[in-house]
Amino acid sequence: MGGWPAATTQTKLGLFARRPAVGAAVALMVGIGLHRMLPDRPDVWLALAVAGAIAAVGVWRWGGAANVLLAMSVALLGASVGQLERYHFPANDIVAYTTDASRLAEVELVIDQPPRVLTQDSPFGRPLPPRQVSGGVVKRIKTLGGWREASGNILLQVSPPKPALAYGQRVTVLGMLARPAPAMNPGQFDWQRYYREQRILVSIDAPHPENVQILASGGFAPINWLRERAREALAKGFTKQQSVDHALLRALLLGDSDPQLRDIQADFIRTGTSHHLSISGMHVAVLGGVIFLLCRLVRISPRKSAWAMMGFVVLYGLVALPAPPVVRSIILCLTFGIGIVFRRAVDGIQLLALTIFIMLVIHPLDLYNAGFQLSFGTVLGLMLYATRLTQFLDRQDVDERVLMLHGIAPSRAQSIKKWFRGWLVEGIATGFVAWAISAPLIVEHFDQLNPWSILAGMLLALPVFASMVGGLLKVVLTLIVPGLAPQWAWLAALPVESMRLGVGWLAKIPGSDVALPAVPVFMVGIYYGLLLLPLIPTARTRVKWIFRGGAATGCVTAVMLPLLIGFAPRQGGGELRVTLLSVGAGQCAVVHLPSGKTVLIDAGSSSPGDLERRCIEPFLRHEGSRSVDSIYISHANFDHFSAVAATASECGVREVIVTPQFSQHAAKNYPARLMLRKLAELECPVKQAVAGQIVQFDEGCTLEMLWPPADPMLDANNSCQVMRLTYKGRSILFTGDIQAPAEAALLADEGKLKSDILIAPHHGSAEETTARFLDAVAPTTIVASNDRTLSGKQREFDKLVADRPFMRTHQRGAITIHIRPDGAISITTFLR
C-alpha cells in the first residue's frame, strides 16, 4: 500500500508546523464539539482565545509551546462560535412572540430565499393543495400596542401559493406563528433541529394567498433572474412523456425536488446512492473539472483555465438550489483554483482542512450535520487511502516487470488490458474506501447499511456523469439555439433514462438495503481509530503490518455487519414492546413480539403528510427492522388505516385483519375501498376477526378479541376492534375509537376488561360511560394518541383521569410499554 513517511522534526512540533490548516481545523472541531459541556460564556472563551494567540506569537521561538497555545486558542474560538450559534439570539427575535401552541400573528418581512412550490401525493384520492415555501428576515410584528421592531429568520409557507411572490419583496403576512415541530418518534427527521441549525426558530403559515400583502418589490434580482432562466432553458423541449426524466435531471443538476421522483428517490436510497440526487462536492467537482478540461483542450493556460473553472463554479453555485453542500463544494473548488492561479503546490488535505475551517467558523453547528460529516469524511478518506489501496491492488505481474526492465513496449492488446484493469481496480478501490469511511456514519444517522452500494456506485457513475454533462450542455445549447430545444432534450434524456432504469434494477437486488439500529458512538470511534492506525509513521515492518491488520479488521467487520445483524433472524430478547407512535390526528401502535416479529395495530393519520415514509418506516429502521408480519385495522376510519397499503407494499405484510363490519363501511368510504383494492393488487390477504377469537402470537403471548360481534348494524366507531394483548400475566387493552354504546356493551362482562395498561378510547375522549369503563379496566397507566389541539371531549377526559397516571403522545412523543420476561412493566417516552 506504499510506504509512510518517518517522523520528522516538523511532525514532532505538531500539526500547526507541518500543516497549519489541518491543525486549526482539528482544534476548531474539538472546541465546537465541547461547547455544550462548557459554561455559556462565549465572550470569555473568545477573550481567552485572543489572549492565547497573542501569547503564542510571543513564544514562537519555542515551537512546541507556541503550537500548544495556538491549538488551545482555536479550540476556545470553536467553543465561543458554537455557543453563539446555538444559544444567542437578539432580545427582539421573533421567537420571543411564540408559545408551545401556534397563534395568529401579522409579521412584516423581506423574502431572502426564492419561493418554491411543493406538491404532495394525494393519499387515497384526497387531494392536497400545493404549498409555497420560502424564507425571510423579520422586520416588524404587529402587537396590541402597534407595530414593533423585530428580527430573526423565519420560514414562510403559503397554501395555496401566491404566484406574485418573489425574491427580495417586502411583505406582510397574516397567519399562524409557530415553532417548527420537533421529531416525535425514534428515527423520525427532526425538522426543529434542522431549522435551528440554520438559526430559523419560527415559521408562519398563511392559509390563503390574500393573507400575504406585497408592500414593495425587490427590484431586479440578477441571481433570481439567472435561476429562472436556467430552469426555463432546461425545461424547454421536454414533452409530457419525458416529465420524469426532466424532473430527475433538474434534481441532479439544480437540486430541485419533485413529487414525481418519490419512487426513484426510494430506489436511490435502497441502493446507497442517494448522494447522486443531491448536489454534492462530486457534482461541483465533475462540472468544474469538465470546464477546466475543456479549457486545457483548446490550449488555454492552466492559470486562465483555473480562472474559468472558478468563475463557472461560482455561477453554478448561484444558479443551483442554495444548500450547505453547494457552499462547501464551492469553497473547496475555489481554494484548489487559487492554488493553481498563484502557482502554489496544491496540498489536497490542506485545502480540505482550510475549507472545513472556513465552513465551521461561518456555521459551527454544521459539525453535527450528516451531510457535512459524510462529504468531508469521505473526501479525506479518499485522499488518504484511495491511491495507496489502488497501488496495493494493481501490482504488476512478473511478465510486465520483465518487459519493462528490457524496455519492450507492450502490445496494443496488452495496453488495453492494462488500462481496463487499472480503471477497474481504481474504481473498486475508490468505491471501497468511500464505503468504508461512510458506512458507520450512514448507520448512525440513517439506521441503514447498503452492502451493494460499491457495485451500485460504480455502475451508476457513468450515466450520472453523462447526465450531469448532458444537462449542462442542454441549458447552454438551448440558450444558444432555442429552436433545437426538443432535440437537445432528447439527447439529454438518454443518459437520464439509463440511470433511472439502472437504479430501478439495482434496487431489486436482495439485501440492497439492510435496516440496522444506530451503533454506539464509542464503537464508531474505535472503528475510525482502527482505520487511522496505518497513518502512524513507523520504521518497523512488523508494526506496519499490525497497523494495517487493524485497519483491515475494522473494514472486514463493517462488511460482515449486514450478515451478522442485518440478515439474521430478529430476536426480541424475550421482551414484549408496544410503542404508540405520535402520528398527529390518528393512531399507530407497533408491537414487537418476544420472538422478534412485528405487528401493527392501526396505521393511520388524518394529519397531512406521508405517514409511512415520515414516521413508520424511520421508526422500524431505528429498531433494526423492515418487515411487518401483520396489521390489525380497528375500523374503517381514515385516521386508522391511511398508511396500511403503503406499509404492506414496503414491509412485506403477510396479512391484514379487519372487523366483519369493515367491508360494509368501506362501501361508503372511498379511501377504504381503495386500500382494499391496493391490498388485493399486492396479494396481501384480508381476514376478519370477531369477539371471542384468541390469536397465539408467541409462547405465553396472546391477543384476545373482545369486540365487535358480527352485528352488521354497528357504526364505524362502535364496531372497533377491542383487543387485550397478554404476556407474562400482564395485559394491554386496545380500544380503538369506541364510544358509549360499545363501552356499555363491554361493561356487561367487566372481568374481561381488567388490564394493566389502557390505550384510551377515541384518542382519549370522554363519554357518559367513560368513568365506569375506567373503573372496570382499572389500569395502572393510561396512554392516548392524539393531535396537538384537544377537543372538548378530550379535555373532559383529562379531568376524569386527573388522579391517574396518564400520557398523551402530543406531549410525550412516542410512548413505549415494556413487559419483561419476569412480568415487570416499564414505560419510556421519546420526549421528556
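Structural data are supplied above this passage.
Small disclaimer: the values here were computed from a predicted structure and weren't measured. (Residues numbered from 1 in each chain as written. Predicted model: local features only at pLDDT ≥ 70, side-chain atom pairs only at ≥ 80, totals over all residues. Heavy atoms only, no water.)

### Some words on the overall build of the protein
Keep this limit in mind: Numbering of helices and strands runs from the N terminus; a helix is a DSSP stretch of H or I covering at least four residues, while a strand is a stretch of E covering at least two. Three labels apply to residues, based on accessible area from a 1.4 Å probe with only protein chains included: buried if under 20% of the type maximum, exposed if over 50%, partly exposed otherwise in between. Residues are treated as being in contact if the distance between any of their heavy atoms lies within 4.5 Å. When charges are tallied, Lys and Arg are placed among the positive residues and Asp and Glu among the negative ones, while His and the ends of the chain are skipped. For the purpose of locating charges, the reference atoms are NZ of Lys, CZ of Arg, CG of Asp and CD of Glu.
Counting secondary structure elements, the protein contains 29 helices and 25 strands. In terms of principal-axis extent, the alpha carbons of the protein reach across some 95 × 70 × 65 Å. Considering the protein as a whole, with its 832 residues, one finds that 47% of them fall into the buried category. Taking the intrachain contacts of the protein between residues at least 6 apart in sequence as the baseline, contacts between residues at least 24 apart amount to 70%. Measuring between centres, the 78 positive side-chain charges of the protein sit 11 Å from its 62 negative side-chain charges.

### With respect to the state of the cysteines
So the rule is basically this: When two cysteine sulfur atoms are found within 2.5 Å, that pair is recorded as a disulfide.
This structure, assessed with the given rule, holds zero disulfides. The structure places no disulfide on Cys 720, whose sulfur is separated from the nearest cysteine sulfur, that of Cys 588, by 15 Å.

### Some remarks on the side chain of Asn 717
With respect to the secondary-structure elements, Asn 717 resides in the loop between β18 (701-707) and β19 (722-727). For Asn 717, a relative accessible area of 13% corresponds to the buried category. Beyond its immediate stretch of four places on either side in the chain, Asn 717 contacts His 635, Asn 637, Asp 737, Ile 738, Gln 739 and His 762.

### Let's talk about the packing of helix α16 (residues 412-446) against helix α17 (residues 453-480)
Using the following cut-off: Where helices are involved, their axes are fitted lines through C-alpha atoms of the stretch in contact, as for all axes, and angles between N-to-C directions lie from 0 to 180°. Roughly parallel covers angles under 35 degrees, roughly antiparallel covers those over 145, roughly perpendicular covers 65 to 115, and oblique covers all other angles. In this scheme the crossing of two helices becomes right-handed for a clockwise turn of the near helix relative to the far one and left-handed for an anticlockwise turn of less than a right angle. Charged residues are taken to be Asp, Glu, Lys and Arg, nonpolar residues to be Ala, Val, Leu, Ile, Met, Phe, Trp, Tyr, Cys and Pro, and polar residues to be all remaining types, Gly included.
Packing of α16 against α17 brings their axes to within 9 Å, and their N-to-C directions diverge by 130 degrees. Classified by the interaxial angle, the pair formed by α16 and α17 is oblique. Seen along the crossing, α16 lies across α17 with a hand that is right-handed. Facing Leu 424, Gly 427, Ile 428, Gly 431, Phe 432 and Trp 435 of α16, the residues of α17 in contact are Ser 453, Ile 454 and Met 458. A breakdown of the residues in the contact of α16 with α17 according to their chemical character gives six nonpolar, three polar and no charged.

### Concerning the packing of aromatic side chains
For clarity, the threshold we go by: Ring pairs shown here join Phe, Tyr and Trp side chains whose ring centres sit within 6.5 Å, with only the six-membered ring taken for Trp; geometry is labelled stacked below 30 degrees between planes, edge-to-face above 60, and tilted in between. Comment: the charge-over-ring label is applied if NZ (Lys) or CZ (Arg) is within 6 Å of the ring centre and within 35 degrees of the ring normal.
Applying the stated criterion across every chain, the model contains twelve aromatic pairs. The interplanar angle of 70 degrees and the centroid separation of 5.4 Å between the aromatic rings of Tyr 527 and Tyr 528 together place this pair among those described as edge-to-face. By relative accessible area, which is 10% here, Tyr 527 ends up buried. Each ring, one from Phe 641 and one from Phe 662, has its centre 6.2 Å from the other, and the planes form 75 degrees; the classification is edge-to-face. Taken together, the residues span a long stretch of sequence, with Phe 641 in helix α22 (residues 638-641) and Phe 662 in helix α24 (residues 662-666) at a distance of 21 residues. There is no split in this pair, since Phe 641 and Phe 662 are both buried. Three or more aromatic residues joined by ring pairs make a cluster, and in this case those are Phe 189, Trp 191, Tyr 194 and Tyr 195. Sitting over the face of the ring of Tyr 368, Arg 36 holds its NZ or CZ atom 4.9 Å from the ring centroid. Across the ring face of Phe 89, the terminal group of Arg 199 is positioned such that the distance to the ring centre comes to 4.1 Å.

### Digging into the pairing of strand β25 (residues 825-829)
To keep things clear, this is the line we draw: Note: two strands are recorded as paired if DSSP finds a minimum of 2 bridges between them.
Pairing between strand β24 (residues 815-819) and β25: five bridges, direction antiparallel. Within β25, the residue paired with Thr 816 across the bridge is Thr 828. Linking β24 back to β25 in an antiparallel pair, the connection comprises five residues, with Gly 823 at a positive phi of about 90 degrees.

### Observations regarding the environment of Leu 144
When you line up the elements, Leu 144 lands in the loop between β3 (131-143) and β4 (146-149). Residue Leu 144 is classed as exposed on the basis of its relative accessible area of 95%. As for Leu 144 and Asp 639, which are separated by 495 residues in sequence, their C-alpha atoms are 39 Å apart.

### Observations regarding the pattern of salt bridges
Stated precisely, the cut-off is as follows: The rule for a salt bridge is simple: a side-chain nitrogen of Lys or Arg has to be within 4 Å of a carboxyl oxygen of Asp or Glu.
As enumerated under the stated definition, the model contains 18 salt bridges in all. A salt bridge links Arg 140 to Glu 108; the shortest N-O distance between them is 2.7 Å. Taken together, the positions of Arg 140 in strand β3 and Glu 108 in strand β1 (residues 103-111) put the pair 32 residues apart, joining distant regions of the chain. Since its relative accessible area comes to 27%, Arg 140 is described here as partly exposed. A salt bridge links Asp 775 to Arg 804; its shortest N-O distance comes to 2.9 Å. Here the residue Asp 775 occupies a position in helix α27 (residues 770-777), and Arg 804 occupies one in the loop between α28 (792-800) and β23 (806-808), the gap between them amounting to 29 residues. Assessed through its relative accessible area of 23%, Arg 804 is described here as partly exposed. Beyond isolated ion pairs, a larger network of salt bridges with shared partners links Asp 629, Arg 654, Glu 655 and Lys 687.

These values are about where atoms sit, not about what they do.
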